[in-house]
Amino acid sequence: MHKKIFSLVLLILATFLLISCSLPPIQPVTRVELMKTRIYNKYIIEESPEELLYALNTRGEVIVEGKRNIPGMDILIYVKLMATTDGIHINEYDR
C-alpha cells in the first residue's frame, strides 16, 4: 500500500515539474512580432532584438534588466517577456 502511494506521489511530482518548465513556443516569434510590442520605446534595454528572439524561441521566456524610458528619471526594472500562443506577454518588476 505504501509503495503505491509513494509511486503516485512521485508521478504527480514529476508531472508537476514537467508542466512548470518553460518550453519553446509552437510557432517561432518573429522580429516583426517583437517590434509590435514597442518594447524598445517603453524601456531602455541593452540586449539586441536578435538576442531576445533567440531566448524566446529556445526557452519561451526571457528576463532582462532595463530602465523605463522616461527622460530625467532613472527607474530600474526587470522586464520579463513570455512567448505564448496569444503573442508576446510583457511584465515588469522593480529592481
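Refer to the structure above for everything that follows.
Residues numbered from 1 in each chain as written. Predicted model: local features only at pLDDT ≥ 70, side-chain atom pairs only at ≥ 80, totals over all residues. Heavy atoms only, no water.

A.B. asks: In this structure, what is going on with the overall build of the chain? I would like to understand it.
C.D. replies: A tally of helices and strands in the chain yields 4 helices and 4 strands. Reading the chain from its N terminus to its C terminus gives the helix and strand order α-α-α-β-α-β-β-β. The globule rule puts the C-alpha radius of gyration for 95 residues at 12 Å, and the 18 Å found for the chain is more than 25% above it. Dimensions along the principal axes, computed over C-alpha positions, put the chain at roughly 65 × 30 × 20 Å. (Helix = DSSP H or I, 4+ residues; strand = E, 2+ residues; numbered from the N terminus. Rg over C-alpha atoms; globule rule 2.2 N^0.38 Å.)

A.B. asks: Would you mind showing me how to read the nonpolar core here?
C.D. replies: Nonpolar side chains in soluble globular proteins tend to be buried together. Grouped together as the largest cluster of nonpolar side chains are 16 residues, with contacts concentrated most on L34, I39, L56, V62, V79 and L81. Where this core is concerned, the elements lending two or more residues are strand 1 (43-45), helix 4 (49-59), strand 2 (61-68) and strand 3 (76-84). Beyond its immediate chain neighbours, meaning those up to four positions away, L34 contacts I39, P49, L52, L53, L81 and I88. (Core = buried A, V, L, I, M, F, W, Y, C linked by side-chain atoms within 4.5 Å. Buried < 20%, exposed > 50% of the residue type's maximum accessible area, 1.4 Å probe, protein only. Contact = heavy atoms within 4.5 Å.)

A.B. asks: Please explain the pattern of salt bridges as it appears in this structure.
C.D. replies: Where charged atoms from two side chains of opposite charge approach closely, those side chains can pair. On inspection of all chains with the given rule, the structure shows 5 salt bridges. One salt bridge in this structure joins E61 and K80, with 3.9 Å as the shortest N-O distance. In this pair, E61 is assigned in strand 2 and K80 in strand 3, connecting sequence segments 19 residues apart. (Salt bridge = Lys/Arg side-chain N within 4 Å of Asp/Glu carboxyl O.)

A.B. asks: Would you mind going over the pairing of strand 2 with me for this structure?
C.D. replies: As a general feature of sheets, a regular strand has side chains that alternate between the two faces. Relative to strand 2, strand 1 is paired through 3 bridges, and the arrangement is antiparallel. When the sheet's bridge partners are listed, I45 is paired in strand 2 with G66. (Pairing = 2+ DSSP bridges.)

A.B. asks: Would you mind showing me how to read the sheet that holds strand 1 here?
C.D. replies: In a beta sheet, neighbouring strands pair by backbone hydrogen bonds and run either parallel or antiparallel. Pairing in this open sheet of 4 strands is antiparallel, and the strands run 1-2-3-4 from one edge to the other. This sheet does not close on itself; its edge strands, each paired only once, are strand 1 and strand 4 (87-94). Adjacent strand axes in the sheet meet at a mean angle of 40° when their direction is disregarded. Sitting on the sheet, helix 4 is in contact with strand 2, strand 3 and strand 4, with an inclination near 150° to strand 2. (Axes fitted to C-alpha atoms, helices over the stretch in contact; angles between N-to-C directions.)

Note that every value here comes from positions in space, so none of it alone points to a role or purpose.
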